[in-house]
Amino acid sequence: MITAERHHIILDLLSRNGVVDLQNLVQRTKSSDSTIRRDLALLEEQGLLKRIHGGATLPYSKIDEPNIQEKSSKNLHDKQLIAEAAASMIRDGDCIYLDAGTTISEMIPFLINKKIAVVTNGLMHVDALTSANITTYVIGGRIKANTKAIVGSVAQENLKQYRFDKCFLGMNGIDIKFGFSTPDPEEAVLKKLAIELAEESFVLADKSKFKETFFAKVAEIENAGIITTNLDNEAMKKFSEKTNMKVVTS
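What counts and what doesn't
- Residues numbered from 1 in each chain as written.
- Predicted model: local features only at pLDDT ≥ 70, side-chain atom pairs only at ≥ 80, totals over all residues.
- Heavy atoms only, no water.
- Phe/Tyr/Trp six-rings, centres within 6.5 Å; stacked < 30°, edge-to-face > 60°.
- Helix = DSSP H or I, 4+ residues; strand = E, 2+ residues; numbered from the N terminus.
- Buried < 20%, exposed > 50% of the residue type's maximum accessible area, 1.4 Å probe, protein only.
- Salt bridge = Lys/Arg side-chain N within 4 Å of Asp/Glu carboxyl O.
- Pairing = 2+ DSSP bridges.
- Axes fitted to C-alpha atoms, helices over the stretch in contact; angles between N-to-C directions.
- Contact = heavy atoms within 4.5 Å.

**Student:** Mind showing me how you'd approach the packing of aromatic side chains here?
**Tutor:** Two aromatic rings are characterised by how far apart their centres lie and by the angle between their planes. Scanning all chains against the criterion turns up five aromatic pairs. Relative to Tyr 162, the ring of Tyr 137 has its centre 6.0 Å away and its plane inclined at 50 degrees; by these criteria the two rings are tilted. One end of the pair, Tyr 137, is in strand E6 (residues 135–138); the other, Tyr 162, is in the loop between helix H8 (153–159) and strand E9 (164–170), and 25 residues separate them in sequence. You can call Tyr 162 partly exposed: its relative accessible area is 26%.

Structure (C-alpha cells):
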C-alpha cells in the first residue's frame, strides 16, 4: 500500500473515531509498526494529528471544547463500558453528583432501578433521569450553549448546598503531572468543588484523554479515582501509584 493510501486510512479513522490505535492501523494497512509510526510522525508534523502512546488523536486547542454532538459520536462503546462500571459502584440510598458530559450520560440507563438522589449541572441528563423516575435536582447558573452544562458563580453557590456520597465527572485531559484539566475555567471550578463535596470522586474517561492537558486545572490526580478502558501497562502503573484505577476491558 502506498503512503498516500495509508495516510487516507489514518485520517479517515481519526475523523470518525477521534483516536486511532497503532496495532489496528498495522492490521488495516498490512504495514509494519515502524512504517505506521513514521506515517503518524509525518502527519503530526503537518498538524493533522497528535501522537499519543499506542496511537494518535485529533489535534486540539487547549481552550476549544467540542459540542455534545461531536463528543457523543466518539468512542461510544468505551463510554458505555466505563459508564456501566461507574454505575455499579452506586448503592441504594446514595446521593450522587453527575457532571455534565456524554460519558456521564451513558450511566443513566444503568441507574433505572436504583433508589438514589441525583444532583447535576447537565441539562442533557434531565429527560433521561426524570423518565427513569430518579429524584433529580438541577443546579442554577449560566448555560453553556455548546455542551448544555450549567456553570458560573450561581452554580457554585447552589452546589455548596449539597453533600454527596459519590460524584462522577467527565474530563478533557488527564496528565500525571498537571492532573485533571478542562478548557473552561468556570467548569473547572465547579468540578473541583464537586470533588470537595463528595465522600468519593471518580473521573470517567476513555484512553484518548490521558497524557493531555487543557487550559484550566481541576485537581491533582490523587483527588479522584479513574475509570477507563484498555489503558496500556506503562500508563496504568504510573497512574495507579497516584490514585485508584479501574480499567474495564472492551
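**Student:** Help me out: how do you make sense of the pattern of salt bridges in this one?
**Tutor:** Two side chains of opposite charge can pair, provided their charged atoms sit close to one another. By the definition in use, this model includes 13 salt bridges. As a salt-bridge pair, Asp 21 and Lys 207 come within 3.4 Å of each other at their nearest N and O atoms. Residue Asp 21 is found in strand E1 (residues 19–21), and its partner Lys 207 is found in the loop between strand E12 (198–204) and strand E13 (216–219); the two are separated by 186 residues along the sequence. For Lys 207, a relative accessible area of 29% puts it in the partly exposed group.

**Student:** I tried to follow the sheet that holds strand E10 (residues 173–175) on my own but got confused; where do I start?
**Tutor:** Hydrogen bonds between backbone atoms are what pair the strands of a sheet, whose relative direction is either parallel or antiparallel. The three strands are arranged E10-E11-E13 in an open sheet whose pairing can be described as antiparallel. For this open sheet the edge positions go to E10 and E13, each flanked by a neighbour on one side alone. Along the sheet, successive strands turn relative to each other by an average axial angle of 35 degrees, direction set aside. Pairing analysis gives three bridges linking strand E11 (residues 179–182) to E13, with the strands arranged antiparallel. Looking across to E13, one finds that Phe 180 is bridged to Ala 219. Helix H9 (residues 185–197) rests against E11 and E13 of the sheet, and its axis sits at about 5 degrees to E13.

**Student:** Teacher, can you tell me more about the pairing of E12 here?
**Tutor:** Residues in a regular strand project their side chains so that they alternate between the two faces of the sheet. Within E12, five of the seven residues are buried, leaving the element largely enclosed by the surrounding structure. When E9 meets E12, the two strands line up parallel, connected through six bridges. When the bridges of E12 are listed, Phe 168 appears paired with Phe 202. Bridge analysis of E12 against strand E14 (residues 225–229) gives three bridges, and the strand direction is parallel. Residue pairing in the sheet places Phe 202 in a bridge with Gly 225 of E14.

Fair warning: the whole summary comes from geometry, so function is off the table for now.
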